There are 2 protein chains.
Amino acid sequence: MKKYKKLKKNRIPQGVVDRLPNYLNCFVQLREDGMETVSSKKLGEITNINPAEIRRDLSYFGSYGKKGVGYNIEKMIKEFSHIVGSDRPHKIILIGAGNLGTAIASYEGLNKHGFYVAAIFDNNPKKVGKKIGKLKIKSIDSLIEYNKRNKIKIGIIAVPESAAQNTANLLVQAGVSIILNYAPTLISVPQKVHLHNTDPVKELLHTLYYFRERKL
Amino acid sequence: MKKYKKLKKNRIPQGVVDRLPNYLNCFVQLREDGMETVSSKKLGEITNINPAEIRRDLSYFGSYGKKGVGYNIEKMIKEFSHIVGSDRPHKIILIGAGNLGTAIASYEGLNKHGFYVAAIFDNNPKKVGKKIGKLKIKSIDSLIEYNKRNKIKIGIIAVPESAAQNTANLLVQAGVSIILNYAPTLISVPQKVHLHNTDPVKELLHTLYYFRERKL
């Protein structure tokens, strides 16, 4: 407990916070591969982060790898998932039952970290009532009523660009405080809501920069 | 020209490179919204990056916003897309014609940045020959032959976890040098290949950290 109190006082730098999910993700995958320890060098190869930076980052959490042995994967997962909060299950509301929504709902990686889609909503009457996996697609009109009862805090927007802002407004109205936006457009939300815009193009632009650097 | 030569000598710090796609993406969206200039404050609100950090980052590219006016959006797009290399069209090979693959192929955001999916491959005979948009799904068996002629350098993996490593091997064999992996598993590629692992869970873990910080 003491450690986390300390963390709160001395806020972890933004850059470290940004890399934390990478590390956790990485540790979980390595555990699946049957590994028990990992060196900062190996972590560096996987994450493309400099090993010296990794050691510095991980030291913020009071974790020092043993020389020649590396970090204990199980211990790191336990610690990091506690810090992040993914050691408890987290429900998600998903808006949009198109290809992207279906891909997200059936994404193998979510459960590994304690996330699961609890409800899917769409505005297309032809989709409402159909199933994705075990979940029946609900009408978007029932969102607010649904979340009055369920009080889910995380929402994912997987709708076309033109519908993104309205969807965000509706999620906020329904009490969602974390929004992950997959639509390739900027949306605005009240200050109290944490918005994360994400799209594959950002990753592509990133790799493209390296592409150019190497003159491939 | 002089500016880019200089950039090559004084390498841009990794952190700045990591944020560059965010900026470019942001500028392109703002242009679509009809804006001509943008302040670092506004950019900060959109990207969740500290305005002071934004000004420092952008100054690496010789770009200083005018006080009270901000950055010229058109100019920044031109400059950044040139640096990144997205001012020329870039073809992509997409592997996997499931929900995720279909979502990526029909993603509105790709073309905005000069990326387009040139070919889609799948190993399911039932899918081969069917169409996603205007593209006919090709058999994975024809990938190497196809890319001997087309020499596409960017590949996206949108297959289930269990098939990801084999798919990566095949892409490398076909001459692809940038791989964007959407499967929630670690894959390894030769050093000369630039691999980017991406999945929605990373974003969720990131937001979850804020979630915890705010005790929502």
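This text goes with the structure placed above it.
Reading the values: the criteria
Residues numbered from 1 in each chain as written. Chains lettered and ligands numbered in written order. Predicted model: local features only at pLDDT ≥ 70, side-chain atom pairs only at ≥ 80, totals over all residues. Heavy atoms only, no water. Patch = residues over 30% accessible without salt bridge, like charges linked within 9 Å, V, L, I, M, F, W, Y side chains within 5 Å. Areas by Shrake-Rupley, 256 points an atom, 1.4 Å probe, with all protein chains shown as cover. Salt bridge = Lys/Arg side-chain N within 4 Å of Asp/Glu carboxyl O. Lys, Arg positive; Asp, Glu negative; His and termini not counted. Charge placed at Lys NZ, Arg CZ, Asp CG, Glu CD. Helix = DSSP H or I, 4+ residues; strand = E, 2+ residues; numbered from the N terminus. Buried < 20%, exposed > 50% of the residue type's maximum accessible area, 1.4 Å probe, protein only. Pairing = 2+ DSSP bridges. Contact = heavy atoms within 4.5 Å. Buried area = accessible area lost by both parts, 1.4 Å probe. Polar contact = N/O pair within 3.5 Å; in protein donor to acceptor, adjacent residues only side chain to side chain. Nonpolar A, V, L, I, M, F, W, Y, C, P; charged D, E, K, R; others polar. Least-squares fit on C-alpha atoms with pLDDT ≥ 70 in both. Axes fitted to C-alpha atoms, helices over the stretch in contact; angles between N-to-C directions. Right-handed = clockwise from strand over helix to strand, strands pointing away.

### Brief notes about a positive patch on the surface
Together, Lys-131, Lys-136, Lys-138 and Arg-149 of chain A line one region of the surface with positive charge. Position of Lys-138 of chain A relative to the elements: it lies in strand β6 (residues 135–139).

### Here we look at the environment of Tyr-60 of chain A
All names here are of chain A. Looking at the secondary structure, you find Tyr-60 in the loop between α4 (51–59) and β2 (71–72). Its relative accessible area of 40% is what places Tyr-60 among the partly exposed residues. Along the backbone, Tyr-60 and Ile-12 are 48 residues apart, and their C-alpha atoms lie at a distance of 7.2 Å.

### So, the sheet that holds strand β9 (residues 194–197) of chain B
Residues and elements named next belong to chain B. With mixed pairing, the 7 strands of this open sheet are ordered in space as β5-β6-β4-β3-β7-β8-β9. Only two strands of the sheet have a single partner each, and these edge strands are β5 (131–132) and β9. Inspection of the sheet shows strand β4 (residues 115–122) paired to strand β6 (residues 135–139) by 3 bridges, in the parallel sense. Note on β6: the bridge partner recorded for Asp-122 is Ser-139.

### A short note on the interface of chain B and chain A
Facing the 73 residues of chain B at the interface are 73 residues of chain A. Taken over both partners, the interface formed by chain B and chain A buries close to 7200 Å², and the fraction arising from carbon and sulfur atoms is 62%. At the surface where chain B touches chain A, the tally comes to 0 salt bridges. There are 2 residue pairs in polar contact (both at pLDDT 80 or more) connecting chain B and chain A. Every element with two or more residues in the side of chain B that touches chain A is listed here: α2 (14–32), α5 (73–84), β3 (90–95), α6 (99–105), α7 (108–112), β8 (178–181), β9 and α10 (200–214) of chain B. No other element matches the 15 residues that α10 of chain B contributes to the side of chain B that touches chain A. The residue makeup of the side of chain B that touches chain A, split by class, is 34 nonpolar, 22 polar and 17 charged.

### What about the relation of the copies chain B and chain A?
Placing chain B over chain A gives an RMSD of 0.0 Å and needs a rotation angle of 180 degrees, together with 0.0 Å of translation along the axis. These values place the two chain copies in the arrangement generated by a two-fold rotation axis. For chain B, the smallest separation between a C-alpha atom and the rotation axis is recorded for Asn-99 of chain B, amounting to 2.4 Å. The overlap is high: 100% of the interface residues of chain B also sit at the interface in chain A, so the same surface is used on both sides.

### Here's the deal with the side chain of Thr-47 of chain A
All names here are of chain A. Mapped onto the elements of the fold, Thr-47 is located in helix α3 (residues 40–47). On the basis of relative accessibility, which here comes to 14%, the residue Thr-47 falls in the buried class. In contact with Thr-47, not counting residues within four places along its chain, are Cys-26 and Ile-54.

### Quick word on the sheet that holds strand β9 (residues 194–197) of chain A
Residues and elements named next belong to chain A. Taken together, the 7 strands give an open sheet; going across it, the order is β5-β6-β4-β3-β7-β8-β9, and neighbouring strands pair in mixed fashion. In the strand order of this sheet, the two ends are held by β5 (131–132) and β9, each with one partner. Bridge count between strand β8 (residues 178–181) and β9: 4 bridges; the pairing is parallel. Residue pairing across strands places Leu-180 opposite His-196, the latter belonging to β9. On the sheet, helix α9 (residues 164–173) packs against β3 (90–95), β7 (154–157) and β8 and is oriented at approximately 170 degrees with respect to β7.

### What about the pairing of β8 of chain B?
All names here are of chain B. Neither face of β8 is left uncovered, since the one carrying Ile-178 and Leu-180 and the one carrying Ile-179 and Asn-181 both have all their residues buried. Relative to β8, strand β7 (residues 154–157) runs parallel, the two being bridged by 4 bridges. Directly across from Ile-156, in β8, lies its bridge partner Leu-180. The handedness of the β7 to β8 crossover, carried by helix α9 (residues 164–173), is right-handed.

### Topic: the environment of Val-189 of chain A
Residue and element names in this part refer to chain A. Relative to the assigned elements, Val-189 resides in the loop between β8 and β9. By relative accessible area, which is 21% here, Val-189 ends up partly exposed. As a C-alpha pair, Val-189 and Arg-149 span 40 residues in sequence and 23 Å in three-dimensional space. Discounting residues that sit within four places of it in the chain, Val-189 has contacts with Ala-168, Val-172, Ile-179 and Leu-195.

### Some words on unusual backbone geometry
All names here are of chain A. You will see that Lys-151, though not glycine, has its phi angle at about 50 degrees, which is positive. Structurally, Lys-151 is set in the loop between α8 (143–150) and β7. When its relative accessible area of 59% is taken as the criterion, Lys-151 is described as exposed.

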